[in-house]
Amino acid sequence: MKVNGVERPSPVDPRRLLSDFLRHDLGLTGTHVGCEHGVCGCCTVLLDGAPVRSCLMLAVQAEGHDLTTIEGLARDGSPLHPVQQAFHETHGLQCGFCTPGFVMSVVGLLAQHPNPTPEEIDEGIAGNLCRCTGYASIRRAVSRAAELSK
Amino acid sequence: MKPPPFEYHAPSTVEEACSLLASLEDAKVLAGGQSLIPLLNFRLARPAHLIDINRVTGLGRIYERDGGVAVQALVRQAAVEDSDVVARVCPLLTDAIQLVAHRVIRNRGTVCGSLAHADPASELPAVLLALSGQVVARSAKGQRTIGAEEFFKGVFETALAPDEMVVEAWFPASAKPYAIYEESRRHGDFALAGVVRATDRLALFGVAGTPVLADPRDPAKGLEPSGDLEATREFRLHLVRVLVEKAMAA
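Because the structure is predicted, anything quoted here is derived from the model rather than measured.

S.K.: Residues and numbers for helix H10 (residues 233-248) of chain B, please.
M.R.: Residues and elements named next belong to chain B. With 16 residues, H10 extends 23 Å between its outermost C-alpha atoms, agreeing within 8% with the 22 Å of an ideal straight helix rising 1.5 Å per residue. Here H10 has its buried residues at Arg-236, Leu-239, Val-240, Leu-243, Val-244 and Ala-247. Viewed end-on, H10 has its buried residues packed into an arc of 125 degrees, placing them on one side of the element. Here the buried face of H10 lies against strand E11 (178-183), strand E12 (193-198), strand E13 (201-205) and strand E14 (212-214).

S.K.: Let's hear about the domain arrangement of chain B: which residues, and what values?
M.R.: Residues and elements named next belong to chain B. Each domain of chain B was delimited in the assignment, giving domain 1 (7-55), domain 2 (62-172) and domain 3 (178-248). Between the C-alpha centres of domain 1 and domain 2 the distance comes to 18 Å. Contacts between the two partners involve 14 residues from domain 1 and, on the opposite side, 18 residues from domain 2. The element best represented in the side of domain 1 that touches domain 2 is helix H1 (residues 14-23), accounting for six residues. Its residues placed into classes, the side of domain 1 that touches domain 2 shows eight nonpolar, six polar and no charged.

S.K.: So what's going on with helix H4 (residues 118-125) of chain A? Which residues, and what values?
M.R.: For H4(A), every residue scored as buried is listed here: A:Ile121, A:Gly124 and A:Ile125. When H4(A) is viewed along its axis, its buried side chains cluster within an angular range of 85 degrees and face the same direction. Considering only its buried residues, H4(A) is in contact with helix H3 (99-112) and helix H5 (135-148) of chain A together with helix H6 (103-106) of chain B.

Each value, and the rule that gives it
Residues numbered from 1 in each chain as written. Chains lettered and ligands numbered in written order. Predicted model: local features only at pLDDT ≥ 70, side-chain atom pairs only at ≥ 80, totals over all residues. Helix = DSSP H or I, 4+ residues; strand = E, 2+ residues; numbered from the N terminus. Expected span 1.5 Å × (residues − 1). Buried ≥ 20, exposed ≤ 12 C-beta atoms within 10 Å, placed from the backbone. Arc of directions from axis to C-beta. Contact = placed C-beta atoms within 7 Å. Domains from an automatic or database assignment. Nonpolar A, V, L, I, M, F, W, Y, C, P; charged D, E, K, R; others polar.

Shown next, in the form of structure tokens:
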């Protein structure tokens with residue numbers, strides 16, 4: 001499988017979750033693990049461009065696919081990805097735990113709806129839980145990200 | 001919160017998957033995994049073998065047949081949501097699919113998987129029942145078609161034999177009027193109660209061990225929904241009456 005453009009060795013243990021493979025075996029700890037049953041959205045990554053929960057996939061299932069994690073959006077030294085920039089500008093993050101998952105979900109949302117309506121924004125972030133920032137500024141971040149992505 | 005050990009199999013054809021199902025004891029089919037992997041993580045399921053069908057070829061189509069639309073086993077819910085064929089032939093399914101969890105889950109989850117999982121609070125089994133749809137099951141012995149009314153047997157229980165897998169679901173065209181309404185505590189959660197209307201047929205979900213057909217004039221008749229932290233029995237019955245009224249006005 002390719003992770004952020006780099007070919008990676010196959011996972012050894014079939015029961016290894018993709019989230020754990022990314023964090024423990026590849027050291028890509030930007031993908032956060034909250035609930036491990038698909039509710040919180042913190043572990044969201046892009047599988048062939050579409051956001052998925054990495055805690056609800058076995059790592060072996062990603063063989064032959066392209067993965068993008070939060071580390072893959074902006075390389076060291078390069079400018080932030082528009083979605084990251086938007087979260088930064090609008091105070092879309094506070095403690096930051098849920099942020100990687102939100103950012104990856106919003107990347108997927110904007111790919112599907114480049115000019116999202118308020119309803120589409122709510123729908124698009126409904127699968128991610130935030131317990132401190134508050135959704136109002138995250139909504140603003142999504143609108144700003146849509147502007148920045150043009 | 002990690003899956004227990006299992007032996008992993010990744011067949012590349014339906015025949016290979018069926019012969020594995022026939023020869024292995026205690027095997028589970030893994031498709032989208034959006035229900036099965038949480039069950040593994042919680043260790044509520046501990047199958048000895050997992051048969052991952054994601055590499056099986058020839059199970060990825062949505063197509064029209066017999067006055068309805070067929071959805072094969074590896075079609076993701078998001079693909080059904082975006083499908084022009086589904087929107088034209090069975091718009092009820094398009095409406096229903098948007099109530100299934102969240103887009104990120106639907107990117108991975110499958111329609112056939114939802115049916116085979118048979119969660120009593122899930123939308124798609126009720127849609128299949130309201131429309132009198134069918135499930136096509138395959139085993140090493142052959143193929144059979146199971147009507148929705150015979151398919152759902154109990155909580156997480158279907159008419160599938162241990163050596164069978166769902167290869168296709170068939171949804172008849174949805175004529176007007178049709179509607180789906182549900183009530184849940186949080187957007188995208190399982191419904192406390194829900195109703196699907198397909199012309200004069202009503203199916204309820206979340207209020208019994210399986211989706212159930214209901215009489216529009218007295219939809220709560222004979223229902224004994226369970227009460228839990230999210231909703232009492234009485235509240236669920238109240239929701240049934242309100243949601244049915246709304247559906248009948250559609």
